[in-house]
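# Summary of structural features
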Amino acid sequence: MLEARSFPMTDKIQKSDAEWQAQLSPDQYRVARKAGTEPAFTGKYHKTKDPGTYTCVCCGEPLFSSETKFDSSTGWPSFYKPVAEGAVEEHTDRAYGMSRTEVRCARCDAHLGHVFPDGPRPTGMRYCMNSAALDLKPEEKK
Ligand SMILES: [Zn+2]
């Protein structure tokens, strides 16, 4: 498993919109940099069970492990916890008249999805992520 660290504010990755746009596909850019949501059941990871580490599509920071992924039947890849404390940041999101908790990459502020308190044990949390914001690094075979 890749090692995750927490980043002080000064270590954050900051790029202009144009730089992100050049680096990402249009779908990745819309979700990760513009807080978009991919339609349910369309992302490439919602059914994936392959072992590995899900990293940030923008900066490569390890965010979630396949070991904490579960089938939420929502059409989005869902995890019950991040790979390490400090890998993601949570922000209150009041868009669309709802109060939700947005989840962002702690290193580059990429929008990843939202977290809801209706997940399975042991945490009871459901990190509902967008496939477009993630990049699965398969576990290396030994
Ligand atoms: Zn990132």
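Just so it is clear, the model here is predicted, and its values are computed rather than measured.

## Thoughts on the pairing of strand 6 (residues 100-105)
One ladder, built from six bridges, connects strand 5 (residues 88-93) with strand 6; its direction is antiparallel. By the bridge assignment for strand 6, glutamate 90 is matched with valine 103. Direction of pairing for strand 6 relative to strand 7 (residues 111-116): antiparallel, over a ladder of four bridges. Bridging across to strand 7, threonine 101 finds its partner in valine 115. What sits between strand 6 and strand 7 in their antiparallel hairpin is a turn of five residues, with aspartate 109 showing a positive phi close to 65°.

## Some details on the sheet that holds strand 1 (residues 52-56)
Ordered in space as 2-1-9, the three strands form an open sheet in which the pairing is antiparallel. Two strands in the sheet have a free side with no partner beyond their single neighbour: strand 2 (62-65) and strand 9 (134-138). Between one strand and the next, the sheet's axes are offset by a mean angle of 35°, whatever the strand orientation. Sheet analysis places strand 1 next to strand 2, joined by three bridges and oriented antiparallel. Residue pairing across strands places threonine 55 opposite proline 62, the latter belonging to strand 2.

## Points about unusual backbone geometry
Cis geometry marks the peptide bond from arginine 121 to proline 122, where omega comes out at 5°. Residue placement: proline 122 occurs in the loop between strand 7 and strand 8 (126-129). Even without glycine at this site, serine 73 takes up a positive phi of about 60°. For serine 73, the position within the fold is in the loop between strand 3 (69-70) and strand 4 (78-79). One non-glycine residue, aspartate 109, adopts positive backbone phi at about 65°. Relative to the elements of secondary structure, aspartate 109 occurs in the loop between strand 6 and strand 7.

Rules used throughout
- Residues numbered from 1 in each chain as written.
- Predicted model: local features only at pLDDT ≥ 70, side-chain atom pairs only at ≥ 80, totals over all residues.
- Heavy atoms only, no water.
- Pairing = 2+ DSSP bridges.
- Helix = DSSP H or I, 4+ residues; strand = E, 2+ residues; numbered from the N terminus.
- Axes fitted to C-alpha atoms, helices over the stretch in contact; angles between N-to-C directions.

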